[in-house]
Amino acid sequence: MPTIIRDSAIIESPFWVVSLDEVTENSGVSDQPNALLPQAFFLQHQTALAGRKDLGVWLASSDDVEALAGLVHQLPVVALHFPMFGDGRAYSSAVILRTRLQYQGEIRAIGDVRRDELEQMQRCGINAFQLAEDQDIHASLQALSAFSFSYQASIDRPTPLFRQRSG
Amino acid sequence: MYMYDNYDQTLVDERVEQYRDQTRRFLAGELPAEEFQHLRLRNGLYIQRLAPMLRVAVPYGMLSAVQLRKLAYISRHFDRGYAHFTTRQNVQYNWPKLEEVPDLLAELASVQMHAIQTSGNCIRNTTSDQYAGVATDEIEDARPWAELIRQWSTFHPEYNWLPRKFKIAVTGAREDRAAVQVHDIGVRLIERDGVVGFQILVGGGLGRTPVIAPVIREFLDKQHLLTYLEAILRVYNRYGRRDNKYKARIKILVRAMTAEVFAERVEEEWQHLKDGAETLTDAEINRVKSFFTLPDYQSLHDKPAALTDALGLSLAFGAWHKRNVKGHQQLGYAIVNLAMKATAEAPGDASAEQLETIAELAEEYSFGEVRVTHEQNVTLADVRQDALFTLWQKLCEVGLASPNLGLLTDIICCPGGDYCSLANAKSLPVAEAIQRQFDDLDYLHDLGDLDINISGCMNACGHHHVGNIGILGVDKKGAEFYQVSIGGTASSTAALAQILGPSFARDAIPNVIQKLVNVYLERREAEEHFIDTFSRIGIQPYKDSVYA
C-alpha cells in the first residue's frame, strides 16, 4: 500500500496504479479492487466497468480530462500523472476536474511529484500526493503552507485577493 | 506608483524564505542540481558562463529613487558595482554568489522588489510603455492594467510550468512603445464608440521564429481582462508543444491552429471562465488606479523663457533637447531620456554611482520616480521645462547626457558572449566598434532615427529582428560571425527585418553599417527616415552596395 499525503495528513492508501502494459497483458487486473486504471483502458471498457465504485482512473499528462465528463462521479480517486518536473498540463486537468466536471473525490498526483510543487498542486485542487521515491514525505508536508495568501482565485481559495481588499 | 500593502509584502517575504530554504537544501545536498535549477530559474537565477546571473523584476519599468539606491547598494555589496538594464525593463546582476542570493532577495523585498518569475517557463514580468501616464498620444494609462496582470500572474499555480516562457506587454498609447506585436500576448487599450477596452494580440515573438502577433479579439470589455487572459493561458498550457523547446512558444501553436481557430478555442474556454471570480470589480480597478494619479504638478506654461533662452545659447543643449526630450501631457513639463549608451560602456550598464545620481536627479526633478525602457535607457517622466537646462548640465557632469536617443549609436544589445552562456558570439564589442565608427554627432543627428539591435544568439534578447539594422551573432565552425539584417521595426507598423546575405567577421561590421547608411544617404527623399527609405526602395540596393 503506498504511503501518501492526503488532505495534509500522511496515510496508507489501498489504491495502486496499474500501468497500461499490465492491464493490456492481463485485463483481469481490472477485476481487483482499488486499482487505478489508465484512462484509455477505462474509457474503452466503460460499459463493463460501470457501477464499480472500488476503481479509480489515472490520466497521462497528454490525456484529455474532459473525456471523463459524466463518468467521473462514480470514481473515488482520479490520479494525474506528472511525467517530469516541468510538465504543467496536469495542473489544468485538475482545475477542470474540480470546476467543469464538478468532481468532489480524491485527486491524486502521481509520477515525478516533488516537494516544491505540492503547494501549486494543492491550489489547483489536487488533495493527495504520491511522492517520487527519493522524496521525504514528512518534510514535504511543510511545503503545503508556504504562502499565507494568493492573488488569484484557485480551487483552495476560490475568492481572489482583490475581492477581499476592495470588498 | 504602486505601493505594496501587507498582502503584497507578506507574499514577497514568504517567497524569500521559501527560496532561502530551497538554497539551503541545495547546498546541503538535499536537493539535486537539476531540481534546484527549475526552482532557482523561477526566481531569476541563471548559472552563467562566469558566474550566476540574477534578473530582478522591474514591473512595467517603474522604479522609485529609494529602489534605485537599493539597486546601487546591492551592486556594491553583492556584485562588482554595476547593474545592467535589459530589453525587458528588468535589471540584471552578473556576479552574485549563489549562497548570498537569499540575502540579496531580502534586500530587494525591503524596498518592495523581487525576482519572482523573471526566468523559467512561466509568466514573466509584464512590460509597458515607458511614457505611460505622461505620453501625449495616450488613450489611457497602461500601468494599472499592467499591475493587475502582475498580481494575477504572480504565483499563478496553474501556469507556473508552461511549455515555454511567456511574456505579456500592455500599451495604452497610439504609438506602440511596448512592442506589443512581438509578445506572447499584446494588450492594447483602444477606444470604440466612446468606450475604452482592450484589443488582444497573441503569438508574436522574436527568437528563432520571429512572428508579428495576430489580433485574436478586436475588443474586450475591461472587467474581463483577467478571465480572458486565463482562457488564453489554459489553451496554451494544455495544447502547446512540449516535445521540442524550439517549437514550444505560443506563436507556434497559434500558427499551427491558425489565428482564427486559436481564437475560437480561447472563446470556448472563456465561456467557462467569463463572469467568474476573476472578473474585475470597479472597486479593484479604482484601487489600483489610485496609485497612478497625477503628481503634484505646478500650473505652468509650455516653452518658458528659461528653456528658449538656453536653446538659443547652447547648440549642445539644443541637440540633446531635440533627441532626448519628448512632449508631455501636462503644460510646462517634459519627458527626459537618459541614454545609457556612452561609447565604450556596455549598452544598458549603469554603475552604482550612476544609479545613485539618477536617484538624486529623480528626487530633485521628477517626483522621485524613473522608468526603465526596453531600449535599455532611463526616463525621467515629469521634468519642468524651465529646469531642463540645469538638469542637462548636471547630466553632462556625470556622463548621462548622451544626446543619441534613437540615433544609430543608441544601440540595443544583449550581454552576449562576454557574459551569457547561451551566446554564440560576443555582442558588446560589436556595439562599441560601431559607436567608435560613428562618433561625429552632427553626422548622427543628420542620419536621424535609426535603430541598431544586436543579439549574441538566436534567442534574440537584443531584438535584432525588429532593428532597422539587426545584427545576429552566429557560430561558424567555432568562429564568431555576424549576420546582418535590415528593415525591421518595433513601432506600430511592426515589421521583421530581412537578412542581407552571407555573414561577416566581427571587424567587418562597422564598414557594413557604413555602407548601409551610405545607401540611405544617397537615396533618401526629403525628410525620410532610414526605415522609410528602405520600405520604398527594398533590400536590393543595400545588397548591391555591401556585397559589391
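From a predicted model like this one, the values you see are computed outputs, not experimental measurements. The residue count restarts for each chain, going from 1 along the sequence in the order it is written. As a convention, the first chain written is A and the first ligand written is 1, with the rest following in written order. For a predicted model such as this one, the threshold for reporting local features is a pLDDT of at least 70, and the threshold for listing and counting side-chain atom pairs is 80 or more; totals across whole chains, interfaces and linings nevertheless cover every residue.

## Structural notes on the overall build of chain A
Inference 1: Secondary structure follows DSSP: runs of H or I at least 4 residues long count as helices, runs of E at least 2 residues long count as strands, and numbering of each begins at the N terminus. The number of helices and strands found in chain A is 7 helices and 8 strands.
Inference 2: For this measure, only C-alpha atoms enter the radius of gyration; the expected value for a globule follows 2.2 Å times N^0.38, where N is the number of residues. Over its C-alpha atoms chain A spans a radius of gyration of 16 Å, differing by no more than 12% from the 15 Å that the globule rule assigns to 167 residues.
Inference 3: With the C-alpha coordinates aligned to their principal axes, the bounding extent of chain A is approximately 55 × 35 × 25 Å.
Inference 4: Counting the 167 residues in chain A, one finds 41% classified as buried. Burial in this document is a count-based property: other C-beta atoms within 10 Å of a residue's C-beta are tallied, and the residue is buried at 20 or more, exposed at 12 or fewer, or partly exposed in between, with C-beta positions derived from the backbone.

## Some points on the interface of chain B and chain A
Inference 1: We call two residues in contact when the distance between their C-beta atoms, placed using the backbone, is within 7 Å. Contact residues are listed per partner, giving 31 residues for chain B and 32 residues for chain A.
Inference 2: Of the residues forming the side of chain B that touches chain A, the biggest block, 6 residues, is contributed by helix α1 (residues 6-27) of chain B.
Inference 3: Classes in brief: Ala, Val, Leu, Ile, Met, Phe, Trp, Tyr, Cys and Pro nonpolar; Asp, Glu, Lys and Arg charged; the others, Gly included, polar. Tallied by class, residues from the side of chain B that touches chain A come to 10 nonpolar, 12 polar and 9 charged.

## Description of unusual backbone geometry
All names here are of chain B.
Inference 1: Phi is positive for Phe367, which is not a glycine, with a value near 55 degrees.
Inference 2: Its location among the elements puts Phe367 in the loop between α12 (352-365) and β14 (369-372).
Inference 3: Despite not being glycine, Gln376 shows a phi value in the positive range, around 70 degrees.
Inference 4: Tracing the backbone through its elements, the reader meets Gln376 in the loop between β14 and β15 (378-384).

## Some thoughts on the domain arrangement of chain B
Residue and element names in this part refer to chain B.
Inference 1: Note that domain bounds follow an automatic or database assignment of domains. For chain B, the domain assignment lists domain 1 (6-109), domain 2 (127-289), domain 3 (305-397) and domain 4 (412-546).
Inference 2: A separation of 26 Å is found between the C-alpha centroids of domain 3 and domain 4.
Inference 3: Taken together, the contacts link 7 residues of domain 3 with 10 residues of domain 4.

## With respect to the pairing of strand β4 (residues 35-38) of chain A
Remark: a regular strand shows side chains that alternate across the two faces of the sheet.
Residues and elements named next belong to chain A.
Inference 1: At least two bridges found by DSSP between two strands is the condition for calling them paired. The sheet contact formed by strand β3 (residues 16-17) and β4 spans 2 bridges and is parallel. Bridging from a neighbouring strand, Val17 pairs with Leu36 of β4.
Inference 2: With the strands aimed away from the viewer, a crossover counts as right-handed if its path from the first strand over the helix to the second runs clockwise. You can see the chain leave β3, run along helix α1 (residues 20-25) and come back into β4, and the turn it takes is right-handed.

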